[in-house]
Amino acid sequence: MPATAEITETLIRDYINRAVTDVFKTMLGREPTFSTQEPRGPGVQLSAPEGHRPQVVGTVGFIGDINGLIYLHLDLAFARLCTCHLLGMTEAELDEAGDEVINDAIGELTNMTVGGFKNGLCDAGYPCKLTIPSILRGSNFSIEPISSAVRRIYYFDCAEHRVVADILMKSDE
Amino acid sequence: MRYKVLTVDDSKTVRIIVKKAFKAFDCEILEAGNGVEGLAVAAKENPDLILLDVTMPVMDGVEMLTKLKSDPALKGIPVIMLTAEGGRDNVLKIAKIGVRDYLVKPFKEEVLIEKCGRVIDLKPLNDGPSKTKSIFDPADILVVEDKPAIVQQIQDGLKHTPWKVRGVSTQGEAIDQCAKQPPDVVLVSLSLPEESAFTLFRLIRTNVKTKYTPVFALVVKTETSQQQQAQTLGFSAIITKPIDTSELESKIAKAMNLDTSQRYYAFETDCLIMRLPENCSPSVLAEAAHYLKPKFSEAVDAGFNKVVIDIHQLRMLHMGVIKLLFQAMQTCRDLAMNFGLVGNAQIISECKGFEDTRGWTFYDSIDDAKANVGRPVAAAPQLAGVS
């Protein structure tokens, strides 16, 4: 039976919820809460509704018995806050260090989050490996999967900011 | 010895977090961004520990670990995996290649330090030439004792010090307290149930933060086997019950390497005051003697040429005190300093009873001594003022 079809939405939600909570709590000392907001359909605009707020999106894939990737969306202000906390930097030091540092920090947060998610899949019998993180930045963009991908979007509220985990998994046709 | 820790991770963020975690410890952090760089740095620097990620470009952590373990020159370097790769099967596969420990991201810095502390002997870093702590500086003493009366006795006995004495009654509470705020000294009662004092000692010694914290054993004087066991294990000192709090205070000060000279020596206007307390136990005398020459030399160096030896608080004159006073007087003579004694009626009278001290004369008060030491002999009492 195809792997993607076997993995229930509940399982995916549990894994991503656990992974996001674990990473934000351990690394940032903040406890994100799973938002009850219903996932919307494919092709959804993920930037904030009130104007185009700059976003930093980390992406890490997983390949093996199950393939896919996860986009972790943070608004720039929260990405900066997370970076400062992770690296013990002040806002001024971060300004001096530049965007590269934010990219690396958010890339690592995404790597840890997707790592946690992937470890759940591995333990459930779907061995896979992580890919190297990449970063997407912008104020007005949308991510659109190909039609054969299974997509799940989950929302988390964390320190008055919204974190979005957008999961795309290749369906096994 | 300064330890070298190599962090191999493609994420600069992780390398910075690792550096930050080790900031408080005396070790050098080396960095590499992938397995190839990691092997090169390992060969060149021969680190004491490697923290290794799995998913990296160019060469991943598994390949680097395999190559490291097949190189006779490098295979002995302990490796701790620090990776988001935490699936059971992968962990087992990597563990078989040979790793000392495995830490899955996300991780807390304290956990990383604790795991590394099990492999290398991490020592806290002293930030530059810091001022020696003195007995007037605050310190935190943790007493682990299930008898509240003993805790109270210690608190009362040390209440004249700036030290804060916290009391807990179980091993678990002590561990919690040590984790929250590592104390400067721990006093553990060996009479805690089920030998938990010894278990606690081992736990304190395995925690990086309390590894070097002095731990004293509180034990009944007649319990010699427990005392021996504590000594064998490496307790910093043994305090016997009933507790002599002045002895305890001296031992705590010594264990914390405090400058206790201010207890006995003070510089005032134009002279050095040497002051002995009410009870001069052997440890008190040893402490006062330890600072005697350095303090007198410091006085000469600072331009002072008078010493007032104040023993008016002393309750009883005994040979230990007499020997110390002779040593002080001789040091004054050697350094061409003038000196004078200030005593109380009982001590002055006791001095008449000893052959060696019969000739000692005393000023009426410290002010009197301060004003008259070093003046022409006619105006000064016998033996006061030598040069």
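What counts and how
Residues numbered from 1 in each chain as written. Chains lettered and ligands numbered in written order. Predicted model: local features only at pLDDT ≥ 70, side-chain atom pairs only at ≥ 80, totals over all residues. Helix = DSSP H or I, 4+ residues; strand = E, 2+ residues; numbered from the N terminus. Buried ≥ 20, exposed ≤ 12 C-beta atoms within 10 Å, placed from the backbone. Core = buried A, V, L, I, M, F, W, Y, C linked by C-beta atoms within 7 Å. Contact = placed C-beta atoms within 7 Å. Pairing = 2+ DSSP bridges. Axes fitted to C-alpha atoms, helices over the stretch in contact; angles between N-to-C directions. pLDDT = per-residue confidence, 0-100. Nonpolar A, V, L, I, M, F, W, Y, C, P; charged D, E, K, R; others polar.

### A short note on the overall build of chain B
Here is step 1 of the chain: Along chain B, the regular secondary structure elements total 14 helices and 15 strands.
Here is step 2 of the chain: Per-residue burial for chain B yields a buried fraction of 36% across its 387 residues.

### Some thoughts on the nonpolar core
Here is step 1 of the chain: Core analysis: the largest hydrophobic core is formed by 78 residues, its most contacted members being Ile70 of chain A together with Leu51 and Leu52 of chain B.
Here is step 2 of the chain: The element that contributes the greatest number of residues to this core is helix H5 (residues 99-123) of chain A, accounting for 10 residues.
Here is step 3 of the chain: If we skip the residues at most four places from it in the chain, leucine 51 of chain B touches Val5, Thr7, Val8, Val18, Ile80 and Leu82 of chain B.

### Details of unusual backbone geometry
All names here are of chain B.
Here is step 1 of the chain: The peptide bond linking lysine 105 to proline 106 adopts the cis configuration, its omega dihedral lying at 0°.
Here is step 2 of the chain: Among the secondary structure elements, proline 106 is positioned in the loop between strand E5 (101-104) and helix H5 (109-117).
Here is step 3 of the chain: With an omega dihedral of 0°, the bond running from lysine 241 to proline 242 counts as a cis peptide bond.
Here is step 4 of the chain: Among the structural elements, proline 242 can be located in the loop between strand E10 (237-241) and helix H10 (245-255).
Here is step 5 of the chain: Residue glutamate 195 is not a glycine yet carries a positive backbone phi of 55°.

### Some points on the sheet that holds strand E9 (residues 215-220) of chain B
Residue and element names in this part refer to chain B.
Here is step 1 of the chain: The strand order across the open sheet formed by 5 strands is E7-E6-E8-E9-E10, and the pairing between neighbours is parallel. On the outer flanks of this sheet lie strand E7 (163-168) and E10, each paired with one strand and no other. Going across the sheet, the axis of each strand differs from the next one's by a mean of 25°, ignoring polarity.
Here is step 2 of the chain: Inspection of the sheet shows strand E8 (residues 185-189) paired to E9 by 4 bridges, in the parallel sense. Each bridged residue has a counterpart across the sheet, and for valine 188 the counterpart in E9 is alanine 217.
Here is step 3 of the chain: Packed onto the sheet, helix H8 (residues 196-206) meets strand E6 (139-144), E8 and E9 and runs at close to 160° relative to E8.

### Describing the confidence of the model for chain A
All names here are of chain A.
Here is step 1 of the chain: In the predicted model, chain A carries a mean pLDDT of 85, and 86% of its residues have values of at least 70.
Here is step 2 of the chain: Ranking the elements of chain A by mean pLDDT puts helix H1 (residues 3-6) last with 65 and strand E3 (residues 68-75) first with 94.
Here is step 3 of the chain: Overall, residues 39-45 carries pLDDT values under 50, and its contacts beyond four positions in sequence, including any with other chains, amount to 12 contacts.

### So, the interface of chain A and chain B
When the parts of a complex come together, some accessible area is lost, and that lost area is often used as the size of the interface.
Here is step 1 of the chain: Listed as interface residues are 20 residues of chain A and, on the opposing side, 21 residues of chain B.
Here is step 2 of the chain: Counting only elements with at least two residues in the side of chain A that touches chain B, the list comes to helix H2 (9-28), helix H3 (76-87) and H5 of chain A.
Here is step 3 of the chain: Counted by class, the side of chain A that touches chain B contains 10 nonpolar, 6 polar and 4 charged residues.

### Overview of the environment of alanine 149 of chain A
Residue and element names in this part refer to chain A.
Here is step 1 of the chain: Tracing the chain through its elements places alanine 149 in strand E6 (residues 149-158).
Here is step 2 of the chain: Assessed through the 17 C-beta atoms surrounding it within 10 Å, alanine 149 is described here as partly exposed.
Here is step 3 of the chain: The spacing of alanine 149 and leucine 168 is 19 residues in sequence and 6.1 Å in space, taken between C-alpha atoms.

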